[in-house]
Amino acid sequence: MLDFLLGILSAGFGDNSLDTRKIDRNIEMLKNHTWFKDIYEDEKYHRLFFVNRNVRQYLQSTMRVKRIIKREKSQRVFLVFLNKQLKK
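The structure reproduced in this document is the subject of the present report.

Considered for burial, the residues of helix α7 (residues 62-70) that qualify are R64, V65 and I68. The buried residues of α7 occupy an angular sector of 100° when projected down its axis, which confines them to one face. Looking at α7, the residues exposed on the side facing more than 90 degrees away from the buried face are M63 and K70.

Quick look at the packing of α7 against helix α8 (residues 72-87) now. Running from N to C, α7 and α8 point in directions that differ by 115°, and their axes come no closer than 5 Å. Regarding the angle of α7 to α8, the classification is roughly perpendicular. Mapping the contact onto sequence places R67, I68, I69 and K70 in α7 and E72, S74, Q75 and F78 in α8. Within the contact of α7 with α8, the residues separate by chemical class into three nonpolar, two polar and three charged.

Geometrically, a pair of aromatic rings is defined through the distance of the ring centres and the angle of the planes. On inspection of all chains with the given rule, the structure shows eight aromatic pairs. Summarising the aromatic geometry, the rings of Y40 and F50 are spaced 6.2 Å apart at their centres and angled 55° between planes, so their arrangement reads as tilted. Residue Y40 is found in helix α3 (residues 34-41), and its partner F50 is found in helix α5 (residues 48-51); the two are separated by 10 residues along the sequence. Measuring from centroid to centroid gives 5.5 Å for Y58 and F78, while their planes differ by 25°, and the two rings are stacked. Here the residue Y58 occupies a position in helix α6 (residues 53-59), and F78 occupies one in helix α8, the gap between them amounting to 20 residues. Here Y58 falls in the buried class, since its relative accessible area comes to 7%. You can call F78 buried: its relative accessible area is 0%.

Quick look at the nonpolar core now. Counting 17 residues, the largest nonpolar core has I27, F36, F49, V55, L59, F78 and L82 as its most contacted members. Elements supplying a minimum of two residues to this core: α2 (20-30), α3, α5, α6, α7 and α8. Apart from the residues within four sequence positions on either side, L82 is in contact with I39, Y45, L48, F49 and V55.

Turning next to the packing of α2 against α7. Direction vectors running N to C along α2 and α7 enclose 10°, while the axes themselves pass 10 Å from each other. Here α7 runs roughly parallel to α2, going by the angle between their axes. Across the interface between the two elements, K22, N26, M29 and L30 of α2 pack against T62, V65, I68 and I69 of α7. Here the residues of the contact of α2 with α7 are counted per class, giving five nonpolar, two polar and one charged.

Rules used in this analysis
- Residues numbered from 1 in each chain as written.
- Predicted model: local features only at pLDDT ≥ 70, side-chain atom pairs only at ≥ 80, totals over all residues.
- Heavy atoms only, no water.
- Buried < 20%, exposed > 50% of the residue type's maximum accessible area, 1.4 Å probe, protein only.
- Helix = DSSP H or I, 4+ residues; strand = E, 2+ residues; numbered from the N terminus.
- Arc of directions from axis to C-beta.
- Axes fitted to C-alpha atoms, helices over the stretch in contact; angles between N-to-C directions.
- Parallel < 35°, antiparallel > 145°, perpendicular 65-115°, else oblique.
- Contact = heavy atoms within 4.5 Å.
- Nonpolar A, V, L, I, M, F, W, Y, C, P; charged D, E, K, R; others polar.
- Phe/Tyr/Trp six-rings, centres within 6.5 Å; stacked < 30°, edge-to-face > 60°.
- Core = buried A, V, L, I, M, F, W, Y, C linked by side-chain atoms within 4.5 Å.

Pasting the structure below:
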């Protein structure tokens, strides 16, 4: 949760551009894991990975992505985040 908040705060300062190659690389890293592949292929979430700036910014952090891969709690936080983005 702290990582998520820090990501949001840092987004408000400095360069807001997204590194598409880095995001795509991080998504590929996540796609090696069944739990993520299920989310990624789910029709209701799939579009978020391409058009939602907040989701793409969240996935731009390699450190955050590695934490999501390693920790089940981070995976749950990520899923909550995705669901909030769906409601927007």
